[in-house]
Amino acid sequence: MVAWGRGLSVDSLQAGQGDLAALALPCVTLRWVITSSALEMEDLTCMVGSGNEFCCEAHFSGRFPDLHTAPAQLGRALGVSRTMSTRRLRSEDYNDYSSTDVTPEGSPPDGMNGFAHPESYQRFGETNGTTWYQTLIHLLKGNIGTGLLGLPLAVKNAGILLGPLSLLVMGVVAVHCMGILVKCAHHFCNRFQKQFLDYGGAVMYGLEATPSACLRTHAIWGRRVVGLFLIITQLGFCCVYFVFLADNLKQVVSAANGTTNDCSSNRTVVMTPTMDSRLYMLSILPFVVLLTFIQNLKVLSIFSMLANVAMLVSLVVIYQYIVRDIPDPRNLPLAAAWKTYPLFFGTAIFAFEGIGVVLPLENKMKNPRQFPVILYVGMTIVTILYISLSVLGYLRFGTDIQASITLNLPNCWLYQAVKLLFSFGIFFTYAVQFYVPAEIIIPPLVARVSERWGWLVNLLLRVALVCVTCVLAILIPRLDLVISLVGSISSSALALIFPPLLEIATYYSEGMHPLVIAKDITISLFGFVGFVVGTYEALVELVAPAATVVNATTVLVQ
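Residues numbered from 1 in each chain as written. Predicted model: local features only at pLDDT ≥ 70, side-chain atom pairs only at ≥ 80, totals over all residues. Heavy atoms only, no water.

*Asks:* What should I look at first to understand the overall build of the protein chain in this one?
*Replies:* Helices and strands together make up the secondary structure of the protein chain, namely 19 helices and 5 strands. Looking at the protein chain residue by residue over its 558 residues, the buried ones come to 52%. Partitioning the intrachain contacts of the protein chain with sequence separation of at least 6 by distance along the chain shows that 81% fall at a separation of at least 24. On the protein chain, roughly 24900 Å² of surface is accessible, and the fraction owed to carbon and sulfur atoms is 66%. (Helix = DSSP H or I, 4+ residues; strand = E, 2+ residues; numbered from the N terminus. Buried < 20%, exposed > 50% of the residue type's maximum accessible area, 1.4 Å probe, protein only. Contact = heavy atoms within 4.5 Å. Areas by Shrake-Rupley, 256 points an atom, 1.4 Å probe, with all protein chains shown as cover.)

If you want it as structure tokens, here you go:
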């Protein structure tokens, strides 16, 4: 059931006043999912206008409710955090629809008598949204990180010929899946007259569009599953950052006594014994905890910019080193053993897993119609960068390539500075990546306690989440396995499995060409096989590691 309403103030909503049957709610869409359980609010999204006026969409599940009690239930939901009504929502840069002719999200443009026709639908960008150039920079930043530094080892696991070809194919497929997600989101924005949709919302509406009554009834689980995998992915990134920081700091400290200004490639450096990398993780844990206490995105954006500059400078220095003195590549295998290929898959899909930033970036643009071009241009740059660094890195270091290419750099002051500079960038990137799961997990739990203890619960939950990522990193202290495991488990689902299935769910009832269905099923099966086999091989390697561990050496020959 869908009902529309206008004119009720926030105060009266909190008091439980109003009558849904009389359409007194302010621009509220209520979607009822009929099950045998008790009535329960599943989701609530609001946009604020002037004069303390709300436009909301609420999702309930349960027995068919009493229409006269619904305003009180919605009022209690809005009353959980009164400060959300103005300060938080306005900080999200939502448009004020009260003084324009633009229809708010989900509200009927023609009063109570009907919906707008699909052909009259138009996507409006943010008034203070990002330009095409800013969006391109954000897209590049969302796809370039520690996964890039692990790709040379991934090529070693696939072969000097099979690896780059597989990276190219995987890049094309990943970009195609991003395009599918954007197309499906546009379809539902058009159909339901919405201004924007996130990944979870698109999957939820996709399930509601399927012929299956069971999937329609449990469509809200689509949003929950996507949210779960987003949390796993982001926290997995944070685990990778712990291992990366520990490995690089350990190598810098171990080689400190032998560090000189001589960056020649024929020096043998004896590494000074130092503490285990897991102790380094514990050492940096307090600093990471303090960093995550910063909850203001504007402040985090400053650190993100510093991280971008640090990593950009580091990449330039790394490139200028690996293109020199490349040895004869004829001894390198064209295709590696099939047993190590799943490890390549996990690392590669980890690097290409930027699909979570696609819809948020498009939603924040001044002109969203430019986004498809930006997506393809940006991901072409990313794919070229991935293939070039992975091939050049493997050619330069051969079988000695380590889990992060920074660990292969000489131990002179210049390249020691590069390791520290990149570690500096990764350290601050941790806070940005941590922000997403923190905003999903923490607010609902804080809402269950009184306002007096809310700040303390918030900080304790942040400490607990950071400690979880640190403990997981300690349990799996090998950077290559952490990257492969995170990529196989969560990144494959978000980047390869879900988007093709979403396209089938969205368009099947409207008629799809059999070749399109076969293509979508093939991509999803490819992602699922990679998910199963990649996870299995990473776990096997973790339990019974090979004789040579690529990132734990005591003597480094340059």
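*Asks:* Which parts of the structure should I look at to understand the pattern of salt bridges?
*Replies:* Two side chains carrying opposite charge are able to pair once their charged atoms lie near each other. The full count for this structure, using the stated rule, is 9 salt bridges. Among the salt bridges present, the one from aspartate 276 reaches arginine 278, with a minimum N-O distance of 2.9 Å. In this structure aspartate 276 comes out as partly exposed when scored by relative accessible area, which is 32%. We note a salt bridge from arginine 478 to glutamate 541, for which the minimum N-O separation is 3.4 Å. Of this pair, arginine 478 sits in the loop between helix 17 (451–475) and helix 18 (479–507) while glutamate 541 sits in helix 19 (residues 514–543), and the two are 63 residues apart along the sequence. Like arginine 478, the residue glutamate 541 is buried in the burial classification. Several salt bridges converge on common partners, so that one network encompasses Lys183, Glu503, Lys519 and Asp520. (Salt bridge = Lys/Arg side-chain N within 4 Å of Asp/Glu carboxyl O.)

*Asks:* Explanation requested: empty space enclosed by the protein in the structure shown.
*Replies:* A water-sized probe rolled over the atoms picks out the places where empty space is left. This model, assessed by the stated rule, comprises 5 cavities of 30 Å³ or more. Roughly 180 Å³ of volume is contained in the largest cavity. Around the largest cavity, the lining is made up of 17 residues, and of these Gly142, Asn143, Ile144, Gly145 and Tyr241 lie nearest the centre. Put simply, the parts of the chain that give the lining of the largest cavity at least two residues each are helix 4 (132–143), helix 5 (146–149), helix 10 (220–254), helix 13 (341–352) and helix 16 (413–446). Looking at the lining of the largest cavity residue by residue, the classes come out as 8 nonpolar, 7 polar and 2 charged. (1 Å grid on protein atoms, 1.4 Å probe; cavity = no way out; pocket = protein on both sides within 12 Å on 5 of 7 lines; lining within 4 Å. Points joined across faces, edges and corners; volume = space filled by probe spheres on them. Nonpolar A, V, L, I, M, F, W, Y, C, P; charged D, E, K, R; others polar.)

*Asks:* Can you help me understand the confidence of the model for the protein chain in this one?
*Replies:* Any segment with low pLDDT has predicted coordinates that should not be analysed in fine detail. With 71% of its residues at a pLDDT of 70 or more, the protein chain shows a mean pLDDT of 75. For residues 46–56, every residue scores under 50 in pLDDT, and the model assigns this stretch 48 contacts once sequence neighbours within four places are set aside. Here residues 59–122 is modelled with pLDDT under 50, and outside its nearest four sequence neighbours on either side it reaches 153 contacts, counting other chains as well. (pLDDT = per-residue confidence, 0-100.)

*Asks:* Just checking my understanding: could you explain helix 17 for this structure?
*Replies:* Since the α-helix packs 3.6 residues into each turn, any two residues three or four apart lie on the same face. Taking 1.5 Å as the rise per residue, helix 17 with 25 residues should run 36 Å; its terminal C-alpha atoms sit 36 Å apart, in good agreement. Of all the residues in helix 17, the buried ones are Gly454, Asn458, Arg462, Leu465, Val466, Thr469, Cys470 and Ala473. (Expected span 1.5 Å × (residues − 1).)

*Asks:* What is the right way to read a nonpolar patch on the surface from this model?
*Replies:* Residues Ile302, Met305, Leu306, Val309, Val313 and Phe424 make up a contiguous nonpolar surface patch of roughly 510 Å² in combined accessible area. The element contributing the most residues to the nonpolar patch is helix 12 (residues 297–322), with 5 residues. Within the fold, isoleucine 302 resides in helix 12. The exposure class assigned to isoleucine 302 is partly exposed, which follows from its relative accessible area of 49%. (Patch = residues over 30% accessible without salt bridge, like charges linked within 9 Å, V, L, I, M, F, W, Y side chains within 5 Å.)

*Asks:* Explanation requested: the side chain of glutamate 537 in the structure shown.
*Replies:* Structurally, glutamate 537 can be placed in helix 19. Dropping the residues within four chain positions of it, glutamate 537 is found in contact with Lys339, Pro342 and Leu343.

*Asks:* In this structure, what is going on with the packing of aromatic side chains? I would like to understand it.
*Replies:* Think of a pair of aromatic rings as described by two things: how far the centres are apart, and how the planes are tilted against each other in angle. Going through the model one piece at a time under the given rule, you end up with 17 aromatic pairs. With a centroid separation of 5.9 Å and 55° between ring planes, the pair formed by phenylalanine 244 and phenylalanine 422 is classed as tilted. Of this pair, phenylalanine 244 sits in helix 10 while phenylalanine 422 sits in helix 16, placing them 178 residues apart in sequence. Among the residues examined, phenylalanine 244 registers a relative accessible area of 1% and is labelled buried. It is arginine 224 that lies over the ring of tryptophan 221; its NZ or CZ is 4.6 Å from the centre. (Phe/Tyr/Trp six-rings, centres within 6.5 Å; stacked < 30°, edge-to-face > 60°. Lys NZ or Arg CZ within 6 Å of the ring centre and 35° of its normal.)

*Asks:* Mind showing me how you'd approach the environment of tyrosine 386 here?
*Replies:* Locating tyrosine 386 in the fold gives a position in helix 15 (residues 371–397). What makes tyrosine 386 buried here is its relative accessible area of 1%. Separated by 34 residues in sequence, tyrosine 386 and phenylalanine 352 place their C-alpha atoms 9.2 Å apart. Excluding residues within four positions of it along the chain, tyrosine 386 makes contact with Asn143, Ile144, Leu148, Leu151, Leu167, Ala351 and Phe352.

*Asks:* Could you clarify how one ought to interpret unusual backbone geometry in this entry?
*Replies:* Residues other than glycine predominantly adopt negative phi, and peptide bonds predominantly adopt the trans conformation. The phi torsion at glutamine 193 lies on the positive side, around 55°, for a residue other than glycine. Note on placement: glutamine 193 falls in the loop between helix 7 (162–192) and helix 8 (199–208). Judged by its relative accessible area of 12%, glutamine 193 falls in the buried class. With a phi angle near 55°, aspartate 325 is a residue other than glycine that sits in the positive phi range. Looking at where aspartate 325 falls in the secondary structure, it is placed in the loop between helix 12 and helix 13. Classification of aspartate 325 by relative accessible area gives exposed; the value is 60%.

*Asks:* Hey, could you run me through helix 13 in this one?
*Replies:* Between its first and last C-alpha, helix 13 extends 17 Å over 12 residues, near the 16 Å set by a 1.5 Å rise per residue. Counting buried positions along helix 13 gives 11 out of 12 residues, so the element sits mostly inside the fold. Every buried residue of helix 13 is accounted for by Pro342, Leu343, Phe344, Phe345, Gly346, Thr347, Ala348, Ile349, Phe350, Ala351 and Phe352.

*Asks:* Whenever I open this one, the packing of helix 10 against helix 18 confuses me. Can you help?
*Replies:* Helices that pack against each other are described as a pair by the angle of their axes relative to one another and the distance between those axes. Relative orientation of the contacting elements helix 10 and helix 18 amounts to 155°, with a least axis distance of 9 Å. Between helix 10 and helix 18, the interaxial angle falls into the category roughly antiparallel. Considering only the axes of helix 10 and helix 18, their crossing is left-handed. In contact with Val225, Val226, Phe229, Leu230, Ile232, Thr233, Gly236, Cys239, Val240, Val243, Phe244 and Asp247 of helix 10, helix 18 contributes Leu479, Val482, Ile483, Val486, Ile489, Ser490, Ser491, Ala493, Leu494 and Phe498. Taken together, the residues of the contact of helix 10 with helix 18 break down into 17 nonpolar, 4 polar and 1 charged. (Axes fitted to C-alpha atoms, helices over the stretch in contact; angles between N-to-C directions. Parallel < 35°, antiparallel > 145°, perpendicular 65-115°, else oblique. Left-handed = near helix turned anticlockwise from the far one by under 90°.)

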